[in-house]
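Per-entry structural report
Here are the chains, one letter per residue:
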Amino acid sequence: MSALLPDLRAFARFLTRDATTADDLVQDTLVRALAAQAQFQPDTNLKAWLFTIQRNAFYEQARRRQRETRVLSRRMPEADTVAPAASHRAEVADLQRMLFTLPPLLREALVLVGAQELSHEQAAAICGVPVGTMKARVSRARSQLARTVSAES
């Protein structure tokens with residue numbers, strides 16, 4: 001598992017957009033994986049299994065934050081939620097900005113297949129969708145990014 005930490009952290013950074021939150025997500029992923037290690041099938045892909053756990057943990061945390069925000073906004077409507085600022089080099093910031101213009105499902109597909117170098121089959125298994133759906137999402141994500149780049153040029 002330790003060899004996959006950089007990949008888990010990179011995927012978490014794409015999901016969360018924040019280094020600290022990404023580290024927390026990776027830690028939660030590893031805790032969940034260790035607790036469920038008896039469920040891992042030895043002849044399957046460990047990276048895909050961990051990414052599935054991480055993705056599920058991310059969406060679970062996002063749903064929890066939405067509920068908390070709704071409850072807090074009713075109690076303290078004047079409270080502002082400020083996204084943490086991150087300093088990145090200009091190119092990385094541009095790429096990140098463009099990636100986050102994509103809808104979440106397309107962004108997730110592109111990160112899994114492009115940045116994490118998973119096969120379409122592995123990414124489809126992580127997301128729980130057919131392989132054709134994953135291929136279509138990656139294709140649409142690439143097309144949308146290409147249009148964004150050409151529009152900004």
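Residues numbered from 1 in each chain as written. Predicted model: local features only at pLDDT ≥ 70, side-chain atom pairs only at ≥ 80, totals over all residues. Heavy atoms only, no water.

1. A word on the overall build of the protein chain
Basically, it comes down to this: Secondary structure elements are defined from DSSP: runs of H or I of at least 4 residues count as helices, runs of E of at least 2 residues count as strands, and each element is numbered from the N terminus. Each residue gets one of three labels from its accessible area relative to the maximum for its type: buried under 20%, exposed over 50%, partly exposed in between, using a 1.4 Å probe on protein chains only. Here, residues are in contact when the closest pair of their heavy atoms is within 4.5 Å. Shrake-Rupley sampling with a 1.4 Å probe provides the accessible areas, and residues are treated as covered by the protein chains on show and by no other component.
Along its length, the protein chain carries 7 helices and 0 strands. Secondary structure elements of the protein chain occur, N-terminal to C-terminal, as α-α-α-α-α-α-α. Across the 153 residues in the protein chain, those meeting the buried criterion constitute 33%. Expressed as a percentage of contacts within the protein chain between residues at least 6 apart in sequence, the contacts between residues at least 24 apart total 62%. Element-wise, carbon and sulfur atoms account for 54% of the exposed surface of the protein chain, whose accessible area totals about 9500 Å².

2. A few points about the confidence of the model for the protein chain
Just so we agree on the cut-off: Note on scores: pLDDT gives the predictor's confidence for each residue, bounded by 0 and 100.
For the protein chain, mean pLDDT is 84; residues scoring 70 or higher make up 85% of the total. Averaged pLDDT values over the elements of the protein chain bottom out at 74 in helix H4 (residues 90-99) and peak at 93 in helix H2 (residues 19-35).

3. Re helix H6 (residues 120-127)
Which entries qualify depends on this criterion: This arc describes the spread of directions from the helix axis toward the C-beta atoms.
All of the buried residues in H6 are Ala 123, Ala 124, Ile 126 and Cys 127. The buried residues of H6 occupy an angular sector of 160° when projected down its axis, which confines them to one face. Once H6 finishes, Gly 128 follows within two positions and takes phi at roughly 70°, a positive value.

4. Observations concerning the packing of helix H1 (residues 5-16) against H2
For any two helices packed against each other, the geometry comes down to the angle between their axes and how far apart the axes lie. Note the following rule: Axis definition: a line fit to C-alpha positions, over the contact stretch in the case of helices; interaxial angles, taken between N-to-C directions, run 0 to 180 degrees. An angle below 35 degrees is read as roughly parallel, one above 145 as roughly antiparallel, one from 65 to 115 as roughly perpendicular, and any other as oblique. By convention, the crossing between two helices is left-handed when the near helix turns anticlockwise from the far helix through less than a right angle, and right-handed when the turn is clockwise. In this classification, Asp, Glu, Lys and Arg are treated as charged, Ala, Val, Leu, Ile, Met, Phe, Trp, Tyr, Cys and Pro as nonpolar, and every other residue, Gly included, as polar.
It is the contact of H1 with H2, at a shortest axis distance of 8 Å, that shows an interaxial angle of 125°. Our classification of the angle between H1 and H2 gives oblique. For H1 against H2, the interelement crossing comes out right-handed. Where H1 approaches H2, its residues Leu 5, Leu 8, Arg 9, Ala 12, Arg 13, Leu 15 and Thr 16 are matched on the opposing element by Ala 19, Thr 21, Ala 22, Asp 23, Leu 25, Val 26, Thr 29 and Leu 30. Split into classes, the residues belonging to the contact of H1 with H2 amount to 9 nonpolar, 3 polar and 3 charged.

5. Here we look at the side chain of Arg 137
To keep things clear, this is the line we draw: Only four residue types enter the charge count: Lys and Arg as positive, Asp and Glu as negative, with His and the chain ends excluded. The rule for a salt bridge is simple: a side-chain nitrogen of Lys or Arg has to be within 4 Å of a carboxyl oxygen of Asp or Glu.
Mapping Arg 137 onto the fold places it in helix H7 (residues 131-152). One buried charge, Arg 137, has no salt-bridge partner; the nearest side chain with opposite charge is Glu 108, at 4.8 Å. Those residues in contact with Arg 137 that sit more than four places away from it in its chain are Leu 105, Leu 106, Ala 109, Cys 127 and Val 129.

6. Some thoughts on the packing of helix H5 (residues 104-115) against H7
For the pair H5 and H7, interaxial distance at closest approach is 8 Å and the crossing angle is 100°. For the element pair H5 / H7, the angle class is roughly perpendicular. Contact residues: H5 offers Leu 105, Leu 106, Ala 109, Leu 110 and Val 113, while H7 offers Met 134, Arg 137, Val 138, Arg 140, Ala 141, Arg 142, Gln 144 and Leu 145. Of the residues in the contact of H5 with H7, the class split is 9 nonpolar, 1 polar and 3 charged.

7. Observations concerning the packing of aromatic side chains
Filter applied, for reference: Classification of ring pairs rests on two measures: the distance between centres of Phe, Tyr or Trp rings, Trp counted by its six-membered ring, which must be within 6.5 Å, and the angle between planes, read as stacked under 30 degrees, edge-to-face over 60 and tilted in between.
Summed over all chains, the structure comprises 3 aromatic pairs. Taking the centre distance of 4.9 Å and the plane angle of 15° together, the rings of Phe 11 and Phe 51 count as stacked. Separated by 40 residues along the polypeptide, Phe 11 in helix H1 and Phe 51 in helix H3 (residues 46-75) bring together distant segments of the chain. Just as Phe 11 is buried, Phe 51 falls in that class too. When the centroid spacing of 5.2 Å and the interplanar angle of 65° are considered together, the rings of Phe 58 and Tyr 59 count as edge-to-face. Taking the relative accessible area as the measure of exposure, Tyr 59 reaches 24% and is therefore partly exposed.

8. Thoughts on the side chain of Thr 16
In this fold, Thr 16 is placed in helix H1. Overall, the relative accessible area of 16% leaves Thr 16 in the buried class. Once residues within four sequence positions are removed from consideration, Thr 16 is found in contact with Thr 21, Ala 22, Leu 25 and Phe 58.

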